[in-house]
Every structure is written in C-alpha cells, then in structure tokens.
Amino acid sequence: MALQCGIVGLPNVGKSTLFNCLSNAKAQAANFPFCTIEPNVGVITVPDDRLNKLAEIVHPQKIVPATVEIVDIAGLVKGASKGEGLGNKFLANIRETDAILHVLRCFDDENVVHVDGKVDPVRDKEIIDAELQLKDLETIEARINKVEKQAKSGGDKDARLAYEVYSRIREALLRGESARTVVLDTKDEVKIAHDLYLLTSKPVMYVCNVDEASAVTGNQYVEAVREAVKNEDARILVVAAKIESEIAEFESYEERQMFLNEIGLEESGVNRLIKSAYKLLNLETFFTAGPQEVRAWTFHKGWKAPQCAGVIHTDFEKGFIRAEVIKYEDYIRYGSESAVKEAGKMNVEGKEYVVQDGDIMHFRFNV
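Presented here is an overview of the structure given in this document. Note that this is a predicted model, so its numbers are computed, not measured.

1. Regarding a negative patch on the surface
On the surface, D108, D211, E212, E246, E249, E251, E254 and E255 cluster together into a patch of negative charge. Every element with two or more residues in the negative patch is listed here: α8 (241–249) and α9 (253–263). By the element assignment, E254 lies in helix α9. The exposed category is assigned to E254, whose relative accessible area is 53%.

Spelled out as structure tokens, the structure:
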C-alpha cells in the first residue's frame, strides 16, 4: 500500500521546490503562479535504517523499501473552489490522496513575489482552508439533497443515518471548521463520512518553509502558525526548502550528513517529513527477509496478521494459516533466522495477532 500525500498551498510558497527535493521528478520551480500546470507525481523511498541492517545480515539479491507518492498541485488562490485560477481541476487532483501537506511561506524574500503582497502564513492557511471547506460544502449539499426526502419519511434507516452525518458535517463547514473536526461515534458513521472523500476530512501536516537562518529554531512566522493550529489535530514541520534542494545535490550520504552537521541539523527535512507523514496516518512497517529480497511493507497500526498478509497478496489473507514472527531486535542480536529459531525467539502466531512495527514476518497460507 503506497501512501499518497498531496502538497497544497498558495503560489510561490515553495511547494515545487519541496517536491523536487522529495522526488526525482522535476517540477518546474519558477517565480510566478501556476508554473505547475499538470499534477506532478513523484515516488520516493521511505528512509529506514532497519532495512539496510537486515540486508547486511541476509545479503539478498535486492532491497525493496516502502514508498510514498507525492502529488504536487498547482498553487491555489482565493476563489479556487469557484474555479478561480486553476482551482477546480487541482482540487480534484487531491481528492484521492491520503493526507495533505500544506506548505506555508514562513520567510521574507523581496525577490520572491507573494501572491497577496505580504508574508502572512496564518492568513494563507485560512485562505486555503476556506477554499477546501467551500468545495466540501458543495459536495455535502449535493449529498443531502439526494437523501433528505428518504431520511425524513422515516422508512430508510441508512438514509436517516447518512442524513444525520451529512448534516453534522455541513454545520461544521458552515461554521468555518474542517470536516475532520466532526466527532463520529460509530464505524457506520465513519464509513459514511469516509465515502464522501472530503478534502477537509484528510489529516493535514503544516510544512513551514523557512529561510536557512531559521532551519533549526524556526521564527516568528512559525510561532504564529503554531498558535493558529494549536486546537487542530495536525502536525507542524519546519523545513528550509532551499537548504533541502542543496542537500539533494550531494552524491553521497557522508556529504549530506556533513552538510547537515554544519548547519546544526541531525536529519534532513525530507526524511523528517516522510516519517512524520507515516505517524500522521498511523502507519507502521513490517519486513520480509530472504535470499531473494529484503522488503519493507506498510500497514496500519493495529492491523492483525491476516490483514498484513493481504498487503503482500490477497491470497495470503484469504488462505491465512499462521504467521512466523521474529522481532527485529532479536534478528539483529542473533544474526540469522536459524540462530533466532535455535534460541527459541521465533513465535508462531494466529489470526488474532496484532502485528508490531519492525516485525519480520513469514506467512503460511493455503488457497
């Protein structure tokens, strides 16, 4: 399961520069609005040192990391929900994404034009929020119109429940609040809301794009964003996209680390962003390890063994018999699968086993 994140923001906030750092696909990074005319999709690997350490032990023919898809959307402007700029088309492009990376300009630079003339990340955030909320309101109004008559006649329980959920979301949107703020009490309510594919129901990470001097400590713009989103269930990440583009030019890992150390950073913003996106979506990783390949697989925290088997192949889930599980720490400590077995550290688990981050799995199945 590939994680897909959509990058949104006003024009000239650093979206395409950040995208270029995240991906080998090169979006045009130019100092004018709408330079990204088609949605750019980049596929990047998830940084995970555990994968490399397993490969050092197993010596597989290939290493396959987990991946993240990043969709770079053209800069939205006020009125995008009504088709201003290139709004409608690009709002549609992020409807299928798992999460939104909302890039905010938190730096001053007289050479980079701001679409509204002045740097104010909180105002920028509110503009984008409003456009996404207005677009969602259109969706909700259309759905309510379809089920209202059935719901009020009282004979259709499903229609009545859908109408109740739609109405609660509509009220939140009318108050200027995002759909994700609506508390849903049951699995049925969650499914009804999920099937709407609302833009403001997606988890969001605010990416504060700062100048080099603020890369480590942040600045007053970042603090203003923190204050503005303190009541939201959202993450904030401080990244200097210009520095990240310089890091991307280095050929070797050692050169990149040396550069990071010089400016006081332990890890690149790109790595931190990917890891934060995983946490935002409640995702974890299990591994398979053998002579052909060592591979990382993405799953949702709390999934049981058969569901994780299904990530590899649907037949694995359908015909699940058992899972042979080795903890990552044990694999590293004993140095081989056979040594782990001899030490009695390999567990055989059934259908109710909740897979843990870092588990090395071997599934037995029959179809």
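2. Brief notes about the pattern of salt bridges
Applying the stated criterion across every chain yields a total of 22 salt bridges. Residues D195 and K191 are paired through a salt bridge, measuring 2.8 Å at the closest nitrogen-oxygen approach. Judged by relative accessible area, D195 falls into the partly exposed class, the value being 32%. In this structure K191 comes out as exposed when scored by relative accessible area, which is 51%. Across the salt bridge formed by R226 and E223, the nearest N and O atoms sit 3.5 Å from each other. Taken together, the residues span about one helical turn, with R226 and E223 both in helix α7 (residues 220–228) at a distance of 3 residues. Residue E223 is classed as partly exposed on the basis of its relative accessible area of 45%. A single salt-bridge network, built from bridges that share partners, covers K125, D129, R180 and E232.

3. Concerning the packing of aromatic side chains
Two numbers describe a pair of aromatic rings. These are the distance of the centres and the angle of the planes. Applying the stated criterion across every chain yields a total of 5 aromatic pairs. Pairing F286 with F299 gives two aromatic rings, centres 5.8 Å apart and planes at 50°, and the pair type is tilted. Linking F286 in strand β8 (residues 283–289) with F299 in strand β9 (residues 293–300), this pair joins segments that are 13 residues apart in sequence. On the accessibility criterion, F286 (0% relative accessible area) is buried. Both rings, one in F286 and one in F363, keep their centres 6.0 Å apart while their planes meet at 85°; by these two values the pair is edge-to-face.

4. Digging into the layout of surface pockets
Where empty space is left can be seen by rolling a probe of water-molecule size over the atoms. Here the largest pocket defines a volume of roughly 1200 Å³. Sorting elements by how many residues they give to the lining of the largest pocket places helix α10 (residues 269–280) first, with 8 residues. Tallied by class, the residues present in the lining of the largest pocket amount to 18 nonpolar, 10 polar and 14 charged. Taken together, 25 residues make up the lining of the second largest pocket; nearest its centre are V190, H194, S201, K202 and P203. Elements that contribute at least two residues to the lining of the second largest pocket include exactly α6 (187–194) and α10.

5. Thoughts on the environment of V239
The topology assignment puts V239 in strand β7 (residues 235–239). Owing to a relative accessible area of 2%, V239 belongs among the buried residues under this scheme. It is 9.7 Å that separates the C-alpha atoms of V239 and C106, two residues lying 133 residues apart in sequence. Apart from residues lying up to four places away in sequence, V239 is in contact with L18, V207, C208, N209, V210, E244 and G269.

Definitions and cut-offs
Residues numbered from 1 in each chain as written. Predicted model: local features only at pLDDT ≥ 70, side-chain atom pairs only at ≥ 80, totals over all residues. Heavy atoms only, no water. Patch = residues over 30% accessible without salt bridge, like charges linked within 9 Å, V, L, I, M, F, W, Y side chains within 5 Å. Areas by Shrake-Rupley, 256 points an atom, 1.4 Å probe, with all protein chains shown as cover. Salt bridge = Lys/Arg side-chain N within 4 Å of Asp/Glu carboxyl O. Lys, Arg positive; Asp, Glu negative; His and termini not counted. Charge placed at Lys NZ, Arg CZ, Asp CG, Glu CD. Helix = DSSP H or I, 4+ residues; strand = E, 2+ residues; numbered from the N terminus. Buried < 20%, exposed > 50% of the residue type's maximum accessible area, 1.4 Å probe, protein only. Phe/Tyr/Trp six-rings, centres within 6.5 Å; stacked < 30°, edge-to-face > 60°. 1 Å grid on protein atoms, 1.4 Å probe; cavity = no way out; pocket = protein on both sides within 12 Å on 5 of 7 lines; lining within 4 Å. Points joined across faces, edges and corners; volume = space filled by probe spheres on them. Nonpolar A, V, L, I, M, F, W, Y, C, P; charged D, E, K, R; others polar. Contact = heavy atoms within 4.5 Å.

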